[in-house]
Amino acid sequence: MERPAEDLSTMEVPVAPVVRDNQPAEGQERPGRKRKRRDPRPPAAVEVESAWTIDQFAVEPIAGQTRFHDFDIPPEVMHGIADLDFRYCTPIQEKSLPEVLAGHDLIGKANTGTGKSAVFLVAILARLMRDDREGKRPRALVIAPTRELVLQIARDGVALAKYTGLRVTAVFGGTDYQAQMNDLTRGTTDIVVATPGRLLDFLGKGILSLDGCGIMVIDEADRMLDMGFIPDVRRIIGRLPKKEERQTLLFSATLSEDVKHLASQWCVHPRTVEAEVEQVVVATVKQIVYLVTADEKYTVLYNLIARHRDERIIVFTNMKNEAKRLSDRLQRNGVECLLLSGEVPQVKRTSRLESFRTGRTNVLVATDVAGRGIHIEGITYAVNYTLPYEPEDYVHRIGRTGRAGAVGTAVSFACEEGAFYLPAIEEYIGRKLECVMPDEWLLQPPPKGAPAPRQERGEQAPRRQSSGRRKRRPGQRGGSSGNSA
DNA sequence: AAAAAAG
């Protein structure tokens, strides 16, 4: 899990170059071509010779808790699960795993942090372990709306797949065109995790064929809708086996009519599973709204950061330039921080996120590119510098804190215009938010701004303190049920 | 309305 991101596209063990299967270059149906009828249900039981047995990974039963061990998961996959210290299932895992392992299509209503990626990754791995490997084509596809999400899923996939011999390739824009292409053309990849753009690029060039994918996952389907990805997703799905011949898992934070409509087009008799409704915002996140003027916002943020300088804080804005301006201003005031938005080159996006993840830099200023899915342990504060337009985004953003049972605080600034969005948010989360005036100490004027230092210099923002002082990675992964691969 | 995604 803690592997540097850069490893991913070069992670595959080099294999003697193989000629790609004689697929039609464009991957389209060939009229006379025979396709093996694919039973969406994997064989019920298999006798695999394995170095491991399920019992090795047994954990103590707890009343009312389902264990991963309770499912029919191949030992190699169980080993990966055990390595990640996943023992007891989250609600979505408990309800989905029986369905997906039985080969059913699934519509999962789940936010990030509920453990849904473990659901589909385990489903994929279990299935691929049981199916015979045929050809050199990838046999599973996961698509997600942001690059970071793809990277993270791929990472979790690599970790879970550690003992399976199955290989994962992350395919997304902004980096490593050649490296990704090599992985795909070598035919040594079993599972492709991708954003739509780059994937379509490869598909269009005939670099990759998806007709061996007997299982596909569409993650964050509602976000895919928002971002206008659906035509792309449609085109991608058109390259997979027909829905009757594949297993399709679709996850979405909301089950709007639009999402249901998509699901009806792409799935066959899907089972629907929802994470607990109450779980919109986890109980361990304390939510506060500061009533401030537009002028006070910065001051309050500055003081909040200054007071908690050894804690990991993520600050959200609505717009890219707002994030840029804010991070510049913080740096002028000597606050070491990282900027993350869609206009930041991908290489830097990755390295900055890594820098934040490892705790080298404690403050991240971001747009909603980082709102979903990113799981980084030990974020104690999530700040809405501006309240998001969509209530869902509020939930996603503050879900960056209070993860895995840890305690976190969500701070939102409601100035004149921002307050406009509050009622919708309160309705969405089903509770009133505590609105307070900032305390005295939060209104102390920040130091006079020095001339803006450049952020880039090997990604080292100006230092405010010696790096030796802090090192800890707060929040060990909670061992019991709060996993979220 | 903004953000995200292909180069």
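- Going by the annotation in an unreviewed UniProt entry, the name recorded for chain A is ATP-dependent RNA helicase RhlB, with Desulfoprunum benzoelyticum given as the source organism.
- UniProt annotates chain A under Sequence similarities (unreviewed entry) with the comment "Belongs to the DEAD box helicase family."

1. A short note on the overall build of chain A
- Along its length, chain A carries 14 helices and 14 strands.
- A separation of at least 24 residues holds for 79% of the contacts in chain A among residues at least 6 apart in sequence.
- Surface exposure of chain A reaches about 20400 Å², of which carbon and sulfur atoms provide 52%.

2. Here we look at the protein's contact with DNA strand B
- In the neighbourhood of DNA strand B, 23 residues make up the surrounding shell, with Thr195, Arg198, Lys320, Gly342 and Arg349 lying closest.
- Of all atoms in DNA strand B that approach within 4 Å of the protein, 72% are sugar or phosphate atoms.
- One of the side-chain nitrogen or oxygen atoms of Arg147 is found 2.8 Å away from a phosphate oxygen of DNA strand B.
- A distance of 2.8 Å separates a phosphate oxygen of DNA strand B from a polar atom in the backbone of Gly173.
- Ranked by residue count, the leading element in the surface near DNA strand B is helix H6 (residues 196-204), at three residues.

3. Here's the deal with the environment of Ser351
- Summarising the element assignment, Ser351 is placed in helix H12 (residues 346-357).
- Counting along the chain gives 13 residues from Ser351 to Leu338, while the straight-line C-alpha distance between them is 10.0 Å.

4. Focus: unusual backbone geometry
- The backbone of Asp85 shows a phi angle near 70 degrees, a positive value even though the residue is not glycine.
- With respect to the helices and strands, Asp85 occurs in the loop between helix H1 (75-83) and helix H2 (91-101).
- Residues other than glycine seldom take positive phi values, yet His269 does so here, at roughly 40 degrees.
- Looking at where His269 falls in the secondary structure, it is placed in the loop between helix H9 (257-266) and strand E7 (271-274).
- The class for His269 is exposed, based on a relative accessible area of 66%.

What counts and what doesn't
Residues numbered from 1 in each chain as written. Chains lettered and ligands numbered in written order. Predicted model: local features only at pLDDT ≥ 70, side-chain atom pairs only at ≥ 80, totals over all residues. Heavy atoms only, no water. UniProt positions renumbered as here; feature names shortened; annotations may be inferred. Helix = DSSP H or I, 4+ residues; strand = E, 2+ residues; numbered from the N terminus. Contact = heavy atoms within 4.5 Å. Areas by Shrake-Rupley, 256 points an atom, 1.4 Å probe, with all protein chains shown as cover. Near = heavy atom within 4 Å. Polar contact = N/O pair within 3.5 Å; in protein donor to acceptor, adjacent residues only side chain to side chain. Buried < 20%, exposed > 50% of the residue type's maximum accessible area, 1.4 Å probe, protein only.

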